[in-house]
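Reading the structure
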Amino acid sequence: MAVSCVDCNATMDQIVDAVWAHLHAGANAGKERSPFTMLQAATIALDGAPAVRTVVLRRASREQRSVMFHTDVRSTKVAELRRDPRISLVGCDLDGGVQIRLHGAARIVEAPSETRAVWNASRPRTLIVYRTPIAPATPVVSPAEAHATKHDENVDPSAGFENFCLIEVSVSSIDYLDLNPSGHIRASLVFEEGKWRGAWIAP
Ligand SMILES: Cc1cc2nc3c(=O)[nH]c(=O)nc-3n(C[C@H](O)[C@H](O)[C@H](O)COP(=O)(O)O)c2cc1C
């Protein structure tokens with residue numbers, strides 16, 4: 001899905017529109033690739049150091065001001081988010097020269113009442129990783145030791161469900177950077193009193 005470009009004459013409303021259009025395109029890319037399907041998610045590690053990793057953007061909701069990705073409840077990032085829910089995500093369109101940084105608070109969604117429908121709607125091959133009994137980051141003798149069996153047709157479709165969770169990020173501020181050839185654009189957007197308030201800032 002093409003997202004229309006903004007330029008130096010854009011209004012803040014157009015910047016907000018562009019940000020969410022990029023995120024919606026990223027979350028709904030299907031077979032087409034979108035630059036914003038893969039985001040880097042940064043947390044604060046248990047020792048206070050920064051920690052960052054790639055995640056797949058699974059849902060973006062402008063109305064709810066949220067983005068969501070799937071992960072393993074046993075993963076390090078979940079332990080980090082339980083201790084400090086602050087999270088930043090960044091995505092970049094290299095061809096378009098656009099960077100979007102999101103800041104917010106993560107909710108670890110574990111209740112089957114909320115996760116079951118997402119699990120059921122997910123492509124089975126994306127769920128295999130949750131079936132391994134070996135938790136992420138556990139030392140293994142060889143990579144294969146941590147693999148779940150891929151082609152077992154008799155596997156229970158719910159196998160691994162207990163390890164599956166959603167991370168729903170409530171976005172409170174956004175940093176938009178556009179390296180437009182006719183002039184670089186950077187905007188800082190903060191959600192306050194029920195609306196996005198934006199200001200231009202120096203790139
Ligand atoms: C292309 C790509 C997509 C990924 N998507 C996810 C994802 O959606 N969720 C996830 O938990 N890990 C995903 N990973 C793996 C993470 O980057 C990371 O290695 C793993 O989750 C362990 O992170 P942690 O130790 O910080 O918890 C992805 C990795 C790559 C290379």
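This structure is a prediction, so every number in the text was calculated from the model and none was measured.

Rules of the game
Residues numbered from 1 in each chain as written. Predicted model: local features only at pLDDT ≥ 70, side-chain atom pairs only at ≥ 80, totals over all residues. Heavy atoms only, no water. Near = heavy atom within 4 Å. Areas by Shrake-Rupley, 256 points an atom, 1.4 Å probe, with all protein chains shown as cover. 1 Å grid on protein atoms, 1.4 Å probe; cavity = no way out; pocket = protein on both sides within 12 Å on 5 of 7 lines; lining within 4 Å. Sits in = over half its atoms within 2 Å of the grid points. Helix = DSSP H or I, 4+ residues; strand = E, 2+ residues; numbered from the N terminus. Buried < 20%, exposed > 50% of the residue type's maximum accessible area, 1.4 Å probe, protein only. Arc of directions from axis to C-beta. Contact = heavy atoms within 4.5 Å. Expected span 1.5 Å × (residues − 1). Core = buried A, V, L, I, M, F, W, Y, C linked by side-chain atoms within 4.5 Å. Phe/Tyr/Trp six-rings, centres within 6.5 Å; stacked < 30°, edge-to-face > 60°. Lys NZ or Arg CZ within 6 Å of the ring centre and 35° of its normal. UniProt positions renumbered as here; feature names shortened; annotations may be inferred.

1. What about the site of the ligand?
Taken together, Met 38, Arg 53, Thr 54, Val 55, Val 56, His 70, Thr 71, Ser 75, Thr 76 and Lys 77 make up the full set of residues adjacent to the ligand. Here the ligand has 620 Å² of accessible area as a free molecule, and 57% of this is covered by the chains. Of all the cavities here, the one that holds the ligand is the largest pocket. Elements represented by at least two residues in the shell around the ligand include exactly β2 (50-56), β4 (66-72) and α2 (76-83).

2. Re α2
The set of residues buried in α2 consists of Lys 77, Val 78, Glu 80 and Leu 81. The buried residues of α2 occupy one face: seen down the axis, they fall within an arc of 160 degrees. The inward-facing, buried residues of α2 abut β1 (38-44), β2, β4, β5 (86-93), β6 (98-109) and β7 (164-178).

3. Side note on the side chain of Asn 180
Its location among the elements puts Asn 180 in the loop between β7 and β8 (185-192). With a relative accessible area of 12%, Asn 180 lands in the buried category. For Asn 180, the residues in contact, after removing those within four places along its chain, are Val 6, Asp 7 and Ile 185.

4. Some remarks on helix α1 (residues 12-27)
The first and last C-alpha atoms of α1 sit 23 Å apart over 16 residues, in line with the 22 Å expected at 1.5 Å per residue. For α1, the complete set of buried residues consists of Met 12, Ile 15, Val 16, Ala 18, Val 19, Trp 20, His 22, Leu 23, Ala 25, Gly 26 and Ala 27.

5. Brief notes about the nonpolar core
Grouped together as the largest cluster of nonpolar side chains are 38 residues, with contacts concentrated most on Ile 15, Trp 20 and Val 67. Going through the elements one at a time, α1, β1, β4, α2, β5, β6, β7 and β8 are the ones with two or more residues in this core. Per-element accounting of this core gives the leading share, eight residues, to α1. Discounting residues that sit within four places of it in the chain, Val 67 has contacts with Trp 20, Leu 23, Leu 57, Arg 59, Ala 60, Leu 89, Leu 102, Ile 167, Glu 168, Val 169 and Val 171. Residues Met 68, Trp 119, Tyr 130 and Leu 166 belong to the second largest nonpolar core, which totals eight residues.

6. What about the packing of aromatic side chains?
What the rule picks out here adds up to five aromatic pairs. For the ring pair Trp 119 and Phe 161, a centre distance of 5.5 Å and an interplane angle of 70 degrees mean the geometry is edge-to-face. Residue Trp 119 is located in helix α3 (residues 112-121), and its partner Phe 161 is located in the loop between α4 (124-127) and β7; the two are separated by 42 residues in the primary sequence. By the burial criterion, Trp 119 is buried, and Phe 161 matches it. One aromatic cluster in this structure is built from Trp 119, Tyr 130, Phe 161 and Phe 164. Taking the ring centre of Phe 191 as reference, the NZ or CZ of Arg 65 above it sits at 3.8 Å. The side chain of Arg 116 reaches across the aromatic face of Phe 161, ending 3.8 Å from its centre.

7. Quick look at the UniProt feature "domain: Pyridoxamine 5'-phosphate oxidase Alr4036 family FMN-binding" (unreviewed entry) in the protein chain
UniProt marks residues 19-109 with the feature "domain: Pyridoxamine 5'-phosphate oxidase Alr4036 family FMN-binding" (unreviewed entry), using the numbering shown here. Counted over residues 19-109, helix gives 19% and strand 48%. Its end C-alpha atoms are 25 Å apart.

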